[in-house]
Amino acid sequence: MKALLLENIHHLAETVFNNAGIEVEMRPGALAEDDLIEALDGVDLLGIRSTTQVTKRVLDASPHLSAIGCFCIGTNQVDLTAAVDLGIPVFNAPFSNTRSVVELVLAEIIVLARRLTEKDRQLHAGEWNKSAAGSHEIRGRKLGIVGYGNIGSQLSVVAEMLGMEVYFYDTDDKLALGNAKRCASLEELLDVAECVTLHVDGRAGNAGLFGAREFGRMRDRALFLNLSRGFLVDYEALATALESGHIAGAAVDVFPNEPKTRVGDFASPLQNLPNVILTPHVGGSTMEAQEDIGRFVAAKLRDYTHLGTTTLSVNAPELTLAFAPGHHRITYFHTNTPGVLASLNNILADHGANIDGQLLGTRGQIGYVVTDASMAMPQDVVAAIEALPETIRLRLIG
Ligand SMILES: NC(=O)c1ccc[n+]([C@@H]2O[C@H](COP(=O)([O-])OP(=O)(O)OC[C@H]3O[C@@H](n4cnc5c(N)ncnc54)[C@H](O)[C@@H]3O)[C@@H](O)[C@H]2O)c1
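A brief report on the enclosed structure follows. What you see is a predicted model; the values in this text were computed from it and never measured.

So, about the nonpolar core. In terms of nonpolar packing, the biggest core is built from 33 residues, with Val 196, Phe 210, Phe 215, Met 218, Phe 224, Leu 238 and Leu 270 touching the most fellow members. Looking at which element gives the most residues to this core, the answer is helix α10 (residues 235-243), with six residues. Those residues in contact with Val 196 that sit more than four places away from it in its chain are Gly 144, Val 146, Leu 189, Leu 190, Phe 210, Met 218, Leu 223, Phe 224 and Leu 225.

A positive phi angle, near 65 degrees, is found at Asn 272, a position not held by glycine. In this structure, Asn 272 sits in the loop between β11 (247-252) and β12 (276-278). Residue class for Asn 272 comes out exposed when judged on its relative accessible area of 80%. Not every positive phi belongs to a glycine, and His 281 is a case in point at roughly 50 degrees. Mapped onto the elements of the fold, His 281 is located in the loop between β12 and α11 (287-307).

This next bit is on the packing of aromatic side chains. Counted according to the given criterion, the structure contains nine aromatic pairs. Between the aromatic rings of Phe 210 and Phe 215, the centroid separation amounts to 5.2 Å while the plane-to-plane angle is 65 degrees, which identifies the pairing as edge-to-face. Accessibility assignment for this pair places Phe 210 and Phe 215 in one class, buried. With centroids separated by 5.1 Å and ring planes inclined at 35 degrees, the aromatic side chains of Phe 210 and Phe 224 adopt a geometry described as tilted. Of this pair, Phe 210 sits in the loop between β9 (195-198) and α9 (212-217) while Phe 224 is found in strand β10 (residues 222-226), placing the two residues 14 residues apart along the sequence. Look at Phe 224 and you get buried, because its relative accessible area is 0%. A connected cluster of aromatic rings, assembled from ring pairs, spans Phe 210, Phe 215 and Phe 224. The cationic tip of Lys 300 hangs over the ring face of Phe 296; the distance from NZ or CZ to the ring centre is 5.3 Å. Positioned over the ring face of Tyr 304 is Arg 395, at 4.4 Å from the centre of the ring.

With respect to the helices, strands and loops of the structure, Thr 52 is situated in the loop between β3 (45-48) and α3 (56-60). Residue classification places Thr 52 among the buried positions, given a relative accessible area of 1%. Once you skip the residues sitting within four places of it in the chain, Thr 52 turns out to touch Leu 6, Glu 7, Ala 30, Leu 31, Leu 36 and Gln 77.

The subject of this paragraph is the pairing of β3. Neither face of β3 is left uncovered, since the one carrying Leu 45 and Gly 47 and the one carrying Leu 46 and Ile 48 both have all their residues buried. Taken together, the three bridges between strand β1 (residues 2-5) and β3 define a ladder with parallel strand orientation. Paired with Ala 3 across the strands is Leu 45, a residue of β3. Strand direction decides the pairing type here: β3 and strand β4 (residues 67-70), joined by four bridges, are parallel. If you follow Leu 46 over to β4, its bridge partner there is Ile 68.

As a further point, take the site of the ligand. Inspection of the region around the ligand gives 25 residues, with Asp 170, Lys 174, Val 200, Asn 206 and Arg 229 positioned closest. The contact in question runs from a nitrogen atom of the ligand to an N or O atom on the backbone of Thr 171, over 3.3 Å. Here a nitrogen atom of the ligand and a side-chain polar atom of Asn 206 are 2.8 Å apart. Computed on the free molecule, the ligand has an accessible area of 860 Å², of which 87% lies beneath the protein chains in the complex. The residue makeup of the shell around the ligand, split by class, is seven nonpolar, eleven polar and seven charged.

Moving on, we get to the pattern of salt bridges. Applying the stated criterion across every chain yields a total of 17 salt bridges. Salt-bridge contacts for Glu 118 lead to Arg 115; the nearest nitrogen and oxygen are separated by 2.8 Å. The pair formed by Glu 118 and Arg 115 is uniform in burial state, with each residue classed as buried. Salt bridges sharing common partners tie together Lys 2, Glu 25 and Arg 27.

Before going further, it helps to examine the state of the cysteines. Throughout the structure, instances matching the rule amount to zero disulfides. Between Cys 195, a free cysteine, and Cys 183, which holds the nearest cysteine sulfur, the sulfur-to-sulfur gap is 14 Å.

To continue, consider the environment of Ile 68. Looking at the element boundaries, Ile 68 is found in strand β4. The buried category is assigned to Ile 68, whose relative accessible area is 0%. When the C-alpha positions of Ile 68 and Glu 165 are compared, they lie 42 Å apart, and in sequence the two are 97 residues distant. Excluding its chain neighbours within four sequence positions, the residues that come into contact with Ile 68 are Leu 46, Val 54, Leu 59, Val 78, Ile 88, Pro 89, Val 90, Phe 91 and Leu 301.

In this structure, Gly 163 sits in the loop between α7 (150-161) and β7 (165-169). Of the residues examined, Gly 163 reaches a relative accessible area of 31% and is grouped as partly exposed. Sequence-distant contacts of Gly 163, defined by excluding residues within four places in its chain, comprise Ile 138, Arg 139, Gly 140 and Arg 141.

Cut-off values and rules
Numbering of residues begins from 1 in every chain and follows the order in which that chain's sequence is written. pLDDT decides what is reported in this predicted model: residues at 70 or higher carry local features, side-chain atom pairs at 80 or more are listed and counted, and totals for whole chains, interfaces and linings draw on all residues regardless. Only hydrogens and water are set aside when side-chain values are computed; all heavy atoms of the structure are taken into account. We call a set of buried residues a nonpolar core when its members are Ala, Val, Leu, Ile, Met, Phe, Trp, Tyr or Cys and they connect through side-chain atoms within 4.5 Å of each other. The buried label goes to any residue with under 20% of its type's maximum accessible area, the exposed label to any with over 50%, and the partly exposed label to all in between, with areas taken from a 1.4 Å probe on protein chains only. Comment: elements are numbered from the N terminus, with helices defined as DSSP H or I runs of at least four residues and strands as E runs of at least two. Contact criterion: two residues are considered in contact whenever any of their non-hydrogen atoms come within 4.5 Å of each other. Two rings from Phe, Tyr or Trp (for Trp, the six-membered ring) form a pair when their centres sit within 6.5 Å of each other. Planes less than 30 degrees apart are called stacked, planes more than 60 degrees apart edge-to-face, and all others tilted. Here, a charge over a ring is recorded when the distance from Lys NZ or Arg CZ to the ring centre is within 6 Å and its angle to the ring normal is within 35 degrees. Pairing between two strands is assigned when DSSP locates at least 2 bridges connecting them. Note on definitions. A residue lies near a molecule or strand when any single heavy atom of the residue is within 4 Å of it. Any N or O atom pair separated by 3.5 Å or less is treated as a polar contact, with the protein-specific requirement of one donor-capable and one acceptor-capable atom, and with residues adjacent in sequence counted only for side-chain atom pairs. Surface accessibility follows the Shrake-Rupley procedure with a 1.4 Å probe radius. Residue values consider only the protein chains on display as shielding. By the convention adopted, Pro, Cys, Tyr, Trp, Phe, Met, Ile, Leu, Val and Ala count as nonpolar, Lys, Arg, Asp and Glu as charged, and the other residues, Gly among them, as polar. Between Lys or Arg on one side and Asp or Glu on the other, a salt bridge is scored when a side-chain nitrogen of the former is within 4 Å of a carboxyl oxygen of the latter. Criterion for a disulfide: a pair of cysteine sulfur atoms within 2.5 Å.

In short, geometric facts, not functional conclusions.
Below you can see the structure in the form of structure tokens.
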């Protein structure tokens with residue numbers, strides 16, 4: 001087995017693969033389409049970050065490729081449908097930077113509550129301003145978390161440890177952690193919170209979630225943070241609310257149109273406003289998150305390779321079948337039509353193979369079944385399964 005890792009993926013990934021007996025080639029940069037096709041010759045596993053584009057043309061030209069790991073959160077850079085249509089599951093690291101985001105949110109709440117960016121600028125300019133006016137502790141302050149998922153719920157726990165009183169609103173019925181209080185509506189949360197922070201996901205329906213109406217509903221002199229998605233918030237409306245003094249400070253990490261390169265052409269209505277922290281989408285960017293992403297995604301690819309496990313794949317049916325040593329495992333991607341499982345099992349039965357374990361998962365047009373048999377599959381069994389019209393990809397493990 002061979003893995004090709006592009007774009008400076010953390011070396012922990014290489015360690016995970018080496019420990020699993022998988023040969024690794026590391027390359028520092030991304031590859032353009034033709035170079036990628038050439039580099040994928042004989043490669044089983046591909047690891048990328050956000051720059052490398054894995055198109056249908058790349059996938060069609062790489063018959064050896066069996067799985068892809070996006071060593072990041074987003075997976076838009078891969079044609080996910082084309083991949084799963086070829087029986088190629090794609091994995092990412094949805095949770096690895098959760099803690100990094102939580103820590104930045106808390107740091108920014110403290111910085112905003114103490115108006116530290118202003119004090120910092122003043123002293124750099126020579127002004128010694130010791131005034132406590134407008135500076136507050138966060139202890140006992142009411143934090144309103146919108147979106148109580150991986151990040152929102154972890155923030156809830158750590159914010160309480162700092163003495164904040166936590167309120168949250170989520171469209172799903174989420175378990176309240178610690179002493180956090182669930183709000184029945186966004187309005188209820190806006191009425192109570194002294195600091196509002198957004199942690200909802202990027203579903204299309206969330207576009208424009210926060211605008212003039214919501215800022216107007218927030219408590220006077222409240223703080224606002226968005227480290228989730230840029231298109232959720234009307235930043236013109238936020239700038240107006242900041243300029244009027246109704247909102248006392250804001251921290252923003254995500255923007256509707258984020259520059260692709262480092263050159264200085266970023267523009268936002270929030271620039272140069274007092275007590276506003278702007279960061280270039282770095283909420284999850286820490287060395288610790290990179291390390292965890294390296295470990296997490298490499299382990300997903302290893303488990304798919306050695307066990308056929310697809311749990312947390314972003315495009316394939318998700319399943320995990322516990323492996324009992326001594327068995328012979330068949331993993332089978334197929335088109336999701338009635339009767340495929342029966343056809344597979346009939347072939348095995350016809351050849352005297354006893355099925356000791358089996359799990360089927362489906363996702364849209366794709367089915368995936370993992371079967372453990374007590375005997376190694378003879379070539380005629382493999383050929384019979386491969387000849388089924390629904391077959392996409394068959395792998396034998398063990
Ligand atoms: N700034 C960064 O660097 C960075 C890093 C990681 C994640 N993120 C972003 O942070 C956000 C949260 O990430 P996560 O992993 O916690 O996501 P998640 O999917 O675990 O949680 C999102 C939660 O929001 C809830 N939700 C969705 N729409 C809602 C609405 N309109 N009102 C109330 N609740 C709603 C969902 O039910 C879910 O519980 C995502 O948008 C993600 O892209 C940003």
